[in-house]
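Chain by chain, the residues:
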Amino acid sequence: MAGLFISFEGIDGVGKSTQADLLETWLQSQGKTVVRTLEPGGTEVGIEIRKILLHHRGDLTPRAEAALFAADRAHHVASKIRPALERGEVVITDRYFDSSVAYQGAGRELSQTEVRDLSLWAVGGLLPDLTVLLDLPADVARNRRNGSGTEPDRLESEKIEFFERARQAYLDLAKAEPNRFLVIDAAASVDVMQEQIVNRVTGLI
Ligand code: TYD
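Only a predicted model underlies this, so the values are computations on that prediction, with no experimental measurement involved. (Residues numbered from 1 in each chain as written. Predicted model: local features only at pLDDT ≥ 70, side-chain atom pairs only at ≥ 80, totals over all residues. Heavy atoms only, no water.)

A. Structural detail: the site of the ligand. The local shell around the ligand holds 15 residues, among which Asp12, Arg73, Arg95, Ser100 and Gln104 are the closest. Measuring from an oxygen atom of the ligand, one finds a side-chain N or O atom of Ser100 at 2.6 Å. Gln104 places a side-chain nitrogen or oxygen 2.8 Å from a nitrogen atom of the ligand. A total of 550 Å² of accessible area belongs to the ligand in isolation, and the protein chains cover 86% of it. The element contributing the most residues to the shell around the ligand is helix α4 (residues 97–107), with 4 residues. (Near = heavy atom within 4 Å. Polar contact = N/O pair within 3.5 Å; in protein donor to acceptor, adjacent residues only side chain to side chain. Areas by Shrake-Rupley, 256 points an atom, 1.4 Å probe, with all protein chains shown as cover. Helix = DSSP H or I, 4+ residues; strand = E, 2+ residues; numbered from the N terminus.)

Pasting the structure below:
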(Lines give C-alpha, C1' and ligand atoms only; values in the text may rest on other atoms or scores of the structure.)
Protein backbone atom coordinates (compact mmCIF):
# COMPACT_ATOMS: atom_id res chain seq x y z
CA MET A 1 0.00 0.00 0.00
CA ALA A 2 1.34 3.39 -0.98
CA GLY A 3 0.42 5.58 2.01
CA LEU A 4 1.88 5.82 5.49
CA PHE A 5 0.01 4.52 8.53
CA ILE A 6 0.91 5.89 11.99
CA SER A 7 -0.79 5.06 15.29
CA PHE A 8 -0.44 6.80 18.65
CA GLU A 9 -0.72 4.68 21.76
CA GLY A 10 -0.44 4.96 25.52
CA ILE A 11 -2.60 4.90 28.62
CA ASP A 12 -5.10 7.71 29.27
CA GLY A 13 -3.47 11.01 30.21
CA VAL A 14 -0.11 10.71 28.40
CA GLY A 15 -0.81 13.42 25.81
CA LYS A 16 -1.42 11.41 22.63
CA SER A 17 -3.78 13.85 20.94
CA THR A 18 -1.45 16.82 21.46
CA GLN A 19 1.39 14.94 19.75
CA ALA A 20 -0.88 13.60 17.02
CA ASP A 21 -2.07 17.18 16.31
CA LEU A 22 1.51 18.46 16.11
CA LEU A 23 2.56 15.65 13.79
CA GLU A 24 -0.45 16.28 11.55
CA THR A 25 0.47 19.97 11.26
CA TRP A 26 4.10 19.14 10.54
CA LEU A 27 3.24 16.58 7.84
CA GLN A 28 0.91 19.10 6.21
CA SER A 29 3.76 21.62 6.20
CA GLN A 30 5.73 18.99 4.25
CA GLY A 31 2.97 18.90 1.63
CA LYS A 32 1.35 15.65 2.77
CA THR A 33 -2.36 14.93 2.80
CA VAL A 34 -3.20 13.66 6.26
CA VAL A 35 -6.26 11.78 7.45
CA ARG A 36 -6.47 12.27 11.19
CA THR A 37 -8.69 9.78 12.94
CA LEU A 38 -9.31 7.93 16.21
CA GLU A 39 -10.58 4.77 17.86
CA PRO A 40 -13.15 4.12 19.06
CA GLY A 41 -15.36 6.39 16.95
CA GLY A 42 -13.55 7.17 13.69
CA THR A 43 -16.67 6.52 11.59
CA GLU A 44 -20.43 7.15 11.89
CA VAL A 45 -21.12 3.64 13.12
CA GLY A 46 -18.02 3.90 15.28
CA ILE A 47 -19.49 6.94 17.06
CA GLU A 48 -22.48 4.76 18.04
CA ILE A 49 -20.18 1.98 19.26
CA ARG A 50 -18.06 4.51 21.18
CA LYS A 51 -21.14 5.66 23.10
CA ILE A 52 -21.70 2.12 24.38
CA LEU A 53 -18.04 1.54 25.17
CA LEU A 54 -17.44 4.77 27.05
CA HIS A 55 -20.81 5.63 28.52
CA HIS A 56 -22.91 2.48 28.96
CA ARG A 57 -23.98 2.38 32.60
CA GLY A 58 -24.83 -1.31 33.09
CA ASP A 59 -22.74 -4.45 32.83
CA LEU A 60 -20.61 -5.04 29.74
CA THR A 61 -18.64 -8.27 29.87
CA PRO A 62 -14.92 -8.24 28.91
CA ARG A 63 -15.35 -10.34 25.73
CA ALA A 64 -18.30 -8.23 24.61
CA GLU A 65 -16.20 -5.11 25.20
CA ALA A 66 -13.30 -6.57 23.18
CA ALA A 67 -15.67 -7.54 20.37
CA LEU A 68 -17.15 -4.03 20.24
CA PHE A 69 -13.69 -2.45 19.97
CA ALA A 70 -12.89 -4.96 17.21
CA ALA A 71 -16.15 -4.13 15.38
CA ASP A 72 -15.36 -0.42 15.52
CA ARG A 73 -11.87 -1.16 14.19
CA ALA A 74 -13.05 -3.46 11.38
CA HIS A 75 -15.37 -0.80 10.00
CA HIS A 76 -12.84 1.98 10.55
CA VAL A 77 -10.11 0.20 8.58
CA ALA A 78 -12.34 -0.95 5.74
CA SER A 79 -14.22 2.31 5.22
CA LYS A 80 -11.65 4.98 6.11
CA ILE A 81 -8.07 3.84 6.72
CA ARG A 82 -7.48 1.47 3.78
CA PRO A 83 -9.06 3.80 1.21
CA ALA A 84 -6.86 6.68 2.42
CA LEU A 85 -3.71 4.54 2.28
CA GLU A 86 -4.66 3.39 -1.21
CA ARG A 87 -4.89 7.06 -2.25
CA GLY A 88 -1.30 7.40 -0.99
CA GLU A 89 -2.22 9.57 2.01
CA VAL A 90 -0.85 9.60 5.55
CA VAL A 91 -3.21 8.22 8.19
CA ILE A 92 -2.68 9.22 11.82
CA THR A 93 -4.89 7.40 14.27
CA ASP A 94 -5.26 8.14 17.95
CA ARG A 95 -5.24 4.47 19.12
CA TYR A 96 -5.37 1.23 17.12
CA PHE A 97 -5.22 -2.47 17.92
CA ASP A 98 -2.39 -2.24 20.49
CA SER A 99 -4.97 -0.42 22.67
CA SER A 100 -7.09 -3.57 22.67
CA VAL A 101 -4.12 -5.79 23.52
CA ALA A 102 -3.16 -3.46 26.40
CA TYR A 103 -6.63 -2.57 27.77
CA GLN A 104 -8.73 -5.68 27.03
CA GLY A 105 -5.87 -8.21 26.94
CA ALA A 106 -3.82 -7.02 29.93
CA GLY A 107 -6.24 -4.60 31.66
CA ARG A 108 -9.25 -6.91 31.60
CA GLU A 109 -7.01 -9.98 31.87
CA LEU A 110 -8.26 -11.66 28.70
CA SER A 111 -5.62 -13.45 26.65
CA GLN A 112 -3.41 -10.88 24.91
CA THR A 113 -2.79 -13.27 22.02
CA GLU A 114 -6.49 -13.90 21.50
CA VAL A 115 -7.32 -10.20 21.62
CA ARG A 116 -4.55 -9.45 19.14
CA ASP A 117 -5.77 -12.22 16.82
CA LEU A 118 -9.35 -10.95 17.05
CA SER A 119 -8.27 -7.43 16.11
CA LEU A 120 -5.99 -8.56 13.33
CA TRP A 121 -8.80 -10.68 11.90
CA ALA A 122 -11.09 -7.63 12.07
CA VAL A 123 -8.67 -5.49 10.05
CA GLY A 124 -7.43 -8.14 7.63
CA GLY A 125 -3.95 -7.99 9.14
CA LEU A 126 -3.25 -4.29 8.57
CA LEU A 127 -0.36 -3.16 10.81
CA PRO A 128 0.82 0.44 11.24
CA ASP A 129 4.14 1.42 9.65
CA LEU A 130 4.93 3.25 12.88
CA THR A 131 3.41 3.15 16.36
CA VAL A 132 4.34 5.99 18.69
CA LEU A 133 4.00 4.86 22.30
CA LEU A 134 3.89 7.66 24.85
CA ASP A 135 4.94 6.17 28.16
CA LEU A 136 4.24 7.38 31.69
CA PRO A 137 3.75 5.62 35.03
CA ALA A 138 0.04 5.00 35.63
CA ASP A 139 -0.22 7.28 38.67
CA VAL A 140 1.42 10.22 36.85
CA ALA A 141 -0.87 9.75 33.84
CA ARG A 142 -3.92 9.58 36.10
CA ASN A 143 -3.02 12.83 37.84
CA ARG A 144 -2.63 14.54 34.48
CA ARG A 145 -5.94 13.17 33.28
CA ASN A 146 -7.67 14.31 36.46
CA GLY A 147 -6.21 17.76 35.92
CA SER A 148 -8.01 18.00 32.56
CA GLY A 149 -11.28 18.76 34.36
CA THR A 150 -13.42 16.31 32.31
CA GLU A 151 -15.43 13.56 33.99
CA PRO A 152 -13.76 10.12 33.71
CA ASP A 153 -15.59 7.77 31.30
CA ARG A 154 -16.31 4.06 31.81
CA LEU A 155 -12.74 2.94 31.08
CA GLU A 156 -11.00 5.89 32.72
CA SER A 157 -12.86 5.00 35.93
CA GLU A 158 -10.95 1.72 36.23
CA LYS A 159 -8.60 1.29 39.17
CA ILE A 160 -4.92 2.13 38.92
CA GLU A 161 -3.84 -1.54 38.65
CA PHE A 162 -5.76 -1.80 35.38
CA PHE A 163 -3.63 1.00 33.92
CA GLU A 164 -0.44 -0.44 35.39
CA ARG A 165 -1.13 -3.71 33.56
CA ALA A 166 -1.96 -1.83 30.36
CA ARG A 167 1.24 0.22 30.57
CA GLN A 168 3.37 -2.88 31.07
CA ALA A 169 1.66 -4.61 28.15
CA TYR A 170 2.43 -1.63 25.90
CA LEU A 171 6.10 -1.74 26.92
CA ASP A 172 6.23 -5.48 26.22
CA LEU A 173 4.64 -4.96 22.80
CA ALA A 174 7.21 -2.30 21.98
CA LYS A 175 10.03 -4.58 23.04
CA ALA A 176 8.69 -7.39 20.86
CA GLU A 177 8.41 -5.15 17.76
CA PRO A 178 11.16 -2.54 18.04
CA ASN A 179 11.00 -1.70 14.34
CA ARG A 180 7.34 -0.74 14.45
CA PHE A 181 7.42 1.11 17.79
CA LEU A 182 8.91 4.41 18.83
CA VAL A 183 8.76 4.69 22.64
CA ILE A 184 8.72 8.25 23.98
CA ASP A 185 9.15 9.26 27.61
CA ALA A 186 6.01 11.36 28.04
CA ALA A 187 7.48 13.13 31.07
CA ALA A 188 9.52 15.19 28.54
CA SER A 189 8.31 18.56 27.26
CA VAL A 190 5.85 18.74 24.36
CA ASP A 191 8.60 20.18 22.11
CA VAL A 192 11.17 17.51 22.94
CA MET A 193 8.64 14.76 22.27
CA GLN A 194 7.63 16.33 18.99
CA GLU A 195 11.23 16.53 17.84
CA GLN A 196 11.77 12.82 18.53
CA ILE A 197 8.61 11.92 16.61
CA VAL A 198 9.42 14.18 13.64
CA ASN A 199 12.95 12.72 13.47
CA ARG A 200 11.55 9.24 13.15
CA VAL A 201 8.81 10.17 10.68
CA THR A 202 11.30 12.05 8.50
CA GLY A 203 12.90 8.70 7.74
CA LEU A 204 9.57 7.30 6.53
CA ILE A 205 8.28 9.99 4.14
P1 TYD B 1 -9.80 7.76 23.87
O2 TYD B 1 -10.62 8.19 22.72
O3 TYD B 1 -8.33 7.81 23.76
O4 TYD B 1 -10.25 8.51 25.19
P5 TYD B 1 -10.58 10.06 25.39
O6 TYD B 1 -11.28 10.56 24.19
O7 TYD B 1 -11.41 10.00 26.64
O8 TYD B 1 -9.22 10.67 25.58
O9 TYD B 1 -10.16 6.24 24.20
C10 TYD B 1 -11.29 5.90 24.86
C11 TYD B 1 -11.00 4.82 25.86
O12 TYD B 1 -11.13 3.54 25.26
C13 TYD B 1 -9.64 4.88 26.51
O14 TYD B 1 -9.81 4.76 27.91
C15 TYD B 1 -8.94 3.65 25.99
C16 TYD B 1 -10.06 2.71 25.65
N17 TYD B 1 -9.77 1.73 24.59
C18 TYD B 1 -9.74 0.36 24.88
O19 TYD B 1 -9.93 -0.04 26.05
N20 TYD B 1 -9.52 -0.53 23.87
C21 TYD B 1 -9.33 -0.13 22.58
O22 TYD B 1 -9.13 -0.99 21.69
C23 TYD B 1 -9.37 1.28 22.29
C24 TYD B 1 -9.19 1.76 20.88
C25 TYD B 1 -9.59 2.18 23.33
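B. Representation of the packing of aromatic side chains. Scanning the entire structure with this criterion turns up 5 aromatic pairs. Aromatic pair Tyr103 and Phe162: ring centres 5.8 Å apart, planes at 65°, arrangement edge-to-face. On the criterion of sequence distance, the pair formed by Tyr103 in helix α4 and Phe162 in helix α7 (residues 160–176) is long-range, its members being 59 residues apart. Here Tyr103 and Phe163 contribute two aromatic rings whose centre-to-centre distance is 6.1 Å and whose plane-to-plane angle is 85°, an arrangement assigned as edge-to-face. (Phe/Tyr/Trp six-rings, centres within 6.5 Å; stacked < 30°, edge-to-face > 60°.)

C. How the structure looks around unusual backbone geometry. Residue Glu39 is joined to Pro40 through a cis peptide bond whose omega torsion reads -10°. Along the polypeptide, Pro40 turns up in the loop between β2 (34–38) and α2 (44–55). Of note, Arg95 is a non-glycine position whose phi angle comes to about 85°, a positive value. With a phi angle near 60°, Glu109 is a residue other than glycine that sits in the positive phi range. Within the fold, Glu109 resides in the loop between α4 and α5 (112–122).

D. Spotlight on α5. Those residues of α5 that sit buried are Val115, Ser119, Leu120 and Ala122. Down the axis of α5, the smallest arc covering the buried residues is 155°, so these residues share one side. In α5, the exposed positions that point more than 90 degrees away from the buried face belong to Thr113 and Trp121. Looking at the buried residues of α5, the elements they touch are α3 (62–86) and α4. (Buried < 20%, exposed > 50% of the residue type's maximum accessible area, 1.4 Å probe, protein only. Arc of directions from axis to C-beta. Contact = heavy atoms within 4.5 Å.)

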